[in-house]
Amino acid sequence: MARTFDSLRFDAGSLSLNLVATVGRRYGRPVERLGSVARLHEWLDGVRLRVDGEATDDDLEQLRRLREDLHALFRAAVSGERPSGGAVSRVNAAAERGPQLRSTADGLAARGLDPLIALIAADAIRILAGSDRDAIRVCDADDCSMLYLARGERSRRWCSSATCGNRSRVAAHRARSRAA
C-alpha cells in the first residue's frame, strides 16, 4: 500500500517520536494524522499500546498538546537551542502520571489514556536525557521534516529509505542526467 501524507507513521524509532510524526508536512501545509478518536485508536494499535476503554475527544486533545511539547523539545535538542521551560514542565507533569495496569477480559491493558501519556512522556525523557539525544535527526528530503532516531553504524539521512530516500536519490539522479 502506498504511503500518503495522512498515513500514520510508525518508523521514527521510538514511541514519542512516532507521536510527533502524527503531524505530516509540519512546515508546509500541516496534515493532522490524529484527526479523530478513531484515528487515535489506530495509532495506539500501530504502536502496540492497549488501553482499557475508549479514548475521548479530551484524551485526543491532551495527546495533541503533549505531541506539540515533544516536538518543541526534540527540535530544540536537534538545533542545540534552549528548550521552552513550559514544554519541559508539561512533559514532566505528564510523566508523573505513572503507568498502571488493569486486568481485562482480553488480558492486560493500561488503565485509561493517562498512563499511556506517561509512557510517551517517559520515552521522550529517556531520549532527551540520554545518549539517544545525539541520534535525533531531521529527514534530509526537501519535502519532509520528520524527526527520527538514526541508530547504528551507518547513520541514515532520511526518515525512510524506501520513500524519502528513494525520492531524493531519484531526484539527484535526474538532476545529474540533465546536467550531463
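One can find the structure itself at the top, above this paragraph.
Calculation rules
- Residues numbered from 1 in each chain as written.
- Predicted model: local features only at pLDDT ≥ 70, side-chain atom pairs only at ≥ 80, totals over all residues.
- Heavy atoms only, no water.
- Helix = DSSP H or I, 4+ residues; strand = E, 2+ residues; numbered from the N terminus.
- Contact = heavy atoms within 4.5 Å.
- Salt bridge = Lys/Arg side-chain N within 4 Å of Asp/Glu carboxyl O.
- Buried < 20%, exposed > 50% of the residue type's maximum accessible area, 1.4 Å probe, protein only.
- 1 Å grid on protein atoms, 1.4 Å probe; cavity = no way out; pocket = protein on both sides within 12 Å on 5 of 7 lines; lining within 4 Å.
- Points joined across faces, edges and corners; volume = space filled by probe spheres on them.
- Nonpolar A, V, L, I, M, F, W, Y, C, P; charged D, E, K, R; others polar.

Asks: Please clarify how the environment of Val 47 should be interpreted in this entry.
Replies: The residue Val 47 is located in the loop between α2 (37-46) and β3 (51-52) in this model. Along the sequence, Val 47 and Asn 18 sit 29 residues apart, while their C-alpha atoms lie 8.0 Å from each other. Setting aside anything within four residues of it in sequence, one finds Val 47 in contact with Phe 10, Leu 15 and Asn 18.

Asks: I tried to follow the pattern of salt bridges on my own but got confused; where do I start?
Replies: A pair can form between side chains of opposite charge whenever their charged atoms are brought close. Going through the model one piece at a time under the given rule, you end up with 13 salt bridges. Here Asp 69 ties to Arg 90 by a salt bridge, and the two come within 2.8 Å at their closest N and O atoms. Highlighted residues: Asp 69 in helix α3 (residues 57-79) and Arg 90 in helix α4 (residues 85-95), separated in sequence by 21 residues. Of the residues examined, Asp 69 reaches a relative accessible area of 10% and is grouped as buried. Residue Arg 151 pairs with Asp 132 through a salt bridge whose shortest N-O separation is 3.1 Å. With Arg 151 in the loop between β7 (147-149) and α6 (161-179) and Asp 132 in the loop between α5 (114-129) and β6 (136-138), this residue pair connects regions lying 19 residues apart in the sequence. Overlapping salt bridges bring together Arg 26, Glu 32, Glu 61, Arg 64, Arg 67 and Glu 68 as one network.

Asks: Explain the layout of surface pockets here, please?
Replies: Regions of empty space are outlined by a rolling probe, equal in size to a water molecule, passed over the atoms. Within this model, the second largest pocket holds a volume of roughly 220 Å³. Residue lining of the second largest pocket: 13 residues in total, with Leu 73, Pro 83, Val 88, Leu 128 and Ala 129 positioned closest to the centre. With four residues, the single largest contributor to the lining of the second largest pocket is α5. Residue classes in the lining of the second largest pocket are distributed as ten nonpolar, one polar and two charged.

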